[in-house]
Amino acid sequence: MESVHFDHAASTPVDERVLEAMQRWWQENYANPSSRHAAGVAAAEALDEARRRVAWATGAQPDRVIFTSGATEANNVAVFGHARARKQHGRHVLVGPLEHPSTKMPALALKEEGFEVEELTLDSSGALDIEDAGARVRPDTVLVTNMLANNEYGCIFPVRELTRRVRKAAPHAAIHVDSVQALGKVEVDIETLGVDSIAISAHKINGPKGAGALVRANDAAMQPLTLGGGQESGLRAGTQDVPAICGLGLAAKLAESEREESVAQMTELTGLLKSEINGRGLGRLIEPGAPTQALLPNILSFIVDGPPAEVFLHHLDARGVMASAGSACQSNKRSMNPALFAIGLEEDEARRLLRLSIGKKSSREEVLRGVEVLEGVRSELARHV
Ligand code: PMP
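Quantities reported herein were computed from a predicted structural model and do not represent experimental measurements.

A. Inspection of the overall build of the chain at higher detail. Helix and strand counts for the chain stand at 13 helices and 13 strands. What you see for the chain is a C-alpha radius of gyration of 21 Å, in line with the 21 Å of a compact globule of 385 residues. Expressed along its principal axes, the backbone C-alpha trace of the chain runs to roughly 65 × 55 × 35 Å. In the chain, 73% of the contacts between residues at least 6 apart in sequence involve partners at least 24 apart. Accessible surface computed for the chain: about 15,900 Å², of which carbon and sulfur atoms make up 51%.

B. Structural detail: the site of the ligand. Neighbouring the ligand are 14 residues; T72, D178, S201, H203 and K204 lie closest to it. Note that a nitrogen atom of the ligand is positioned 3.4 Å from one of the side-chain N or O atoms of H100. The separation between an oxygen atom of the ligand and a polar side-chain atom of S201 is 2.7 Å. Computed on the free molecule, the ligand has an accessible area of 400 Å², of which 85% lies beneath the protein chains in the complex. Tallying contributions element by element places helix α3 (residues 71-85) first for the shell around the ligand, with three residues. Along the lines of polarity and charge, the residues of the shell around the ligand split into three nonpolar, nine polar and two charged.

C. The sheet that holds strand β4 (residues 116-119), seen in detail. In space, the seven strands of this open sheet follow the order β2-β8-β7-β6-β5-β3-β4, with mixed pairing throughout. A strand with exactly one partner marks an edge of an open sheet, and here the two such strands are β2 (65-68) and β4. When strand polarity is set aside, the average angle formed by the axes of neighbouring strands in this sheet is 20°. Bridge count between strand β3 (residues 92-95) and strand β5 (residues 141-145): four bridges; the pairing is parallel.

D. Examining the packing of helix α9 (residues 259-279) against helix α13 (residues 364-383) more closely. Direction vectors running N to C along α9 and α13 enclose 25°, while the axes themselves pass 10 Å from each other. Considering the angle they form, α9 stands roughly parallel to α13. α13 is crossed by α9, and the crossing has right-handed handedness. Within the contact between the two elements, α9 uses E268, L269, L272, L273 and E276 and α13 uses R364, V367, L368 and V371. Split by residue class, the contact of α9 with α13 holds six nonpolar, no polar and three charged.

E. Examining helix α8 (residues 242-257) more closely. Its 16 residues give α8 an end-to-end C-alpha distance of 22 Å, which sits within 8% of 22 Å, the value for a rise of 1.5 Å per residue. Across the 16 residues that make up α8, a large majority, 14, are buried.

F. Here's a closer look at the layout of surface pockets. The volume enclosed by the largest pocket comes to roughly 440 Å³. Around the largest pocket, the lining is made up of 28 residues, and of these E99, H100, P101, M147 and N151 lie nearest the centre. If one sorts the elements of the lining of the largest pocket by residue count, helix α4 (residues 101-109) sits on top with four residues. Split into classes, the residues belonging to the lining of the largest pocket amount to eleven nonpolar, eleven polar and six charged.

G. Region of interest: the pattern of salt bridges. One pass over the full model with this rule turns up 32 salt bridges. The closest approach of N and O atoms between R17 and E258, which form a salt bridge, is 2.8 Å. Here E258 lies in the loop between α8 and α9 and R17 lies in helix α1 (residues 16-23), a separation of 241 residues in the sequence. By relative accessible area, E258 is classed as buried at 15%.

H. Broad picture of the domain arrangement of the chain. Assigned domains of the chain: these are domain 1 (4-12 + 259-383) and domain 2 (16-257). A straight line from the C-alpha centre of domain 1 to that of domain 2 covers 28 Å. Taken together, the two surfaces of domain 1 and domain 2 that pack against each other cover about 2,700 Å², and 47% of this comes from carbon and sulfur. Linking domain 1 with domain 2 are two salt bridges, by the criterion used here. The salt bridge partner of E256 is R259, with a shortest N-O separation of 2.9 Å. For the interface between domain 1 and domain 2, the tally reads 17 residue pairs in polar contact (both at pLDDT 80 or more). Of the residues that constitute the side of domain 1 that touches domain 2, the class distribution is 17 nonpolar, eleven polar and four charged.

I. Region of interest: the packing of aromatic side chains. Here the structure, examined in full by the defined rule, presents zero aromatic pairs. Across the ring face of W25, the terminal group of R24 is positioned such that the distance to the ring centre comes to 4.3 Å. Above the plane of the ring of F115 lies R91, whose end atom (NZ or CZ) is 5.5 Å from the centre.

J. Highlighting the environment of T121. Relative to the helices and strands, T121 is located in the loop between β4 and α5 (130-136). In this structure, the C-alpha to C-alpha distance between T121 and W25, residues 96 residues apart in sequence, is 45 Å. Discounting chain neighbours no more than four positions away, the residues touching T121 are P97, A127, L128, D129, D132 and R136. Of the polar contacts made by the side chain of T121, one reaches the side chain of D132; its length is 2.7 Å.

About the cut-offs
- Residues numbered from 1 in each chain as written.
- Predicted model: local features only at pLDDT ≥ 70, side-chain atom pairs only at ≥ 80, totals over all residues.
- Heavy atoms only, no water.
- Helix = DSSP H or I, 4+ residues; strand = E, 2+ residues; numbered from the N terminus.
- Rg over C-alpha atoms; globule rule 2.2 N^0.38 Å.
- Contact = heavy atoms within 4.5 Å.
- Areas by Shrake-Rupley, 256 points an atom, 1.4 Å probe, with all protein chains shown as cover.
- Near = heavy atom within 4 Å.
- Polar contact = N/O pair within 3.5 Å; in protein donor to acceptor, adjacent residues only side chain to side chain.
- Nonpolar A, V, L, I, M, F, W, Y, C, P; charged D, E, K, R; others polar.
- Pairing = 2+ DSSP bridges.
- Axes fitted to C-alpha atoms, helices over the stretch in contact; angles between N-to-C directions.
- Parallel < 35°, antiparallel > 145°, perpendicular 65-115°, else oblique.
- Left-handed = near helix turned anticlockwise from the far one by under 90°.
- Expected span 1.5 Å × (residues − 1).
- Buried < 20%, exposed > 50% of the residue type's maximum accessible area, 1.4 Å probe, protein only.
- 1 Å grid on protein atoms, 1.4 Å probe; cavity = no way out; pocket = protein on both sides within 12 Å on 5 of 7 lines; lining within 4 Å.
- Points joined across faces, edges and corners; volume = space filled by probe spheres on them.
- Salt bridge = Lys/Arg side-chain N within 4 Å of Asp/Glu carboxyl O.
- Domains from an automatic or database assignment.
- Buried area = accessible area lost by both parts, 1.4 Å probe.
- Phe/Tyr/Trp six-rings, centres within 6.5 Å; stacked < 30°, edge-to-face > 60°.
- Lys NZ or Arg CZ within 6 Å of the ring centre and 35° of its normal.

Take a look at the structure:
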């Protein structure tokens, strides 16, 4: 049975071109890029090329690209690094309403260092409440962090508008943007966004796991989390993972240079998926933030008819369909995901939310095969109630 990959927001397959670009850096040239011999210099040059590629894909300067072990680390470095370096200007931090735990957890941890941490809010459509966000920015705000595109529902946040308001009211604030889900689907240009840093991850853009970057717009002071040999401009000590970083570099270049065609293909397939879900009465589509905020072309959420998403997922998995629950199944309404709460979903509906996410390599045939399985599972489960 051929599998159906409806979980690209969680991870993507490595592109063959990326795999090939990584190959030689494991055995043919395994030198430490800090070594002074020719092999080491060649490895350092490979890192430089990856730096230029990531910079090109994100509108940054190459020397502002800090390679990390992924976006989790990049988000941690950004949150702690920016906030701690600006303590003399204030201790107020604003965190987006739907941040990934790799941003939210470090931000909340800042409370133990005496920071005041507030979360931004959503309006009743699930869109970022930009008026409320603007009103919360203060002269002592030192960090504002809000993702560009959300991993659960695919909503694209108005980061430029947020930036404009932050710059007006908080002269010392750093703005950090998790761009993990956005890269390759919407433009991620650090200058146009007007932010101080962004985080990206290779495995979401057909690159390897364990590689990512913190990309900065300027060289404003930041405190590192790891101290050691001074690699990555002193912001991330440790010998760089040359193969993974080469993979990240090419993956970022391809994500941006092939963005237009992959967006067209993903939009078409998501449209097909939506019309099949509607046409076959498989569930109710959920689009938090729409129509004010645009949605990513590859993520779709819907409430299935029948048992909780976890049960559905289990049956789908047994038939080779990989998908994901839309809200990690919170145990009660108070801890329900803010986006689902904002749009007025009931607990029971939130538990039945499925997220399907397609990728660059998805095909019509795969989508239709997945829909058939969904329908089969739905009918089978209906017989058991
Ligand atoms: N931010 C977002 C929006 C994500 O979707 C993810 C991955 N689930 C991360 C951060 C963490 O990235 P990584 O897996 O590279 O640590």
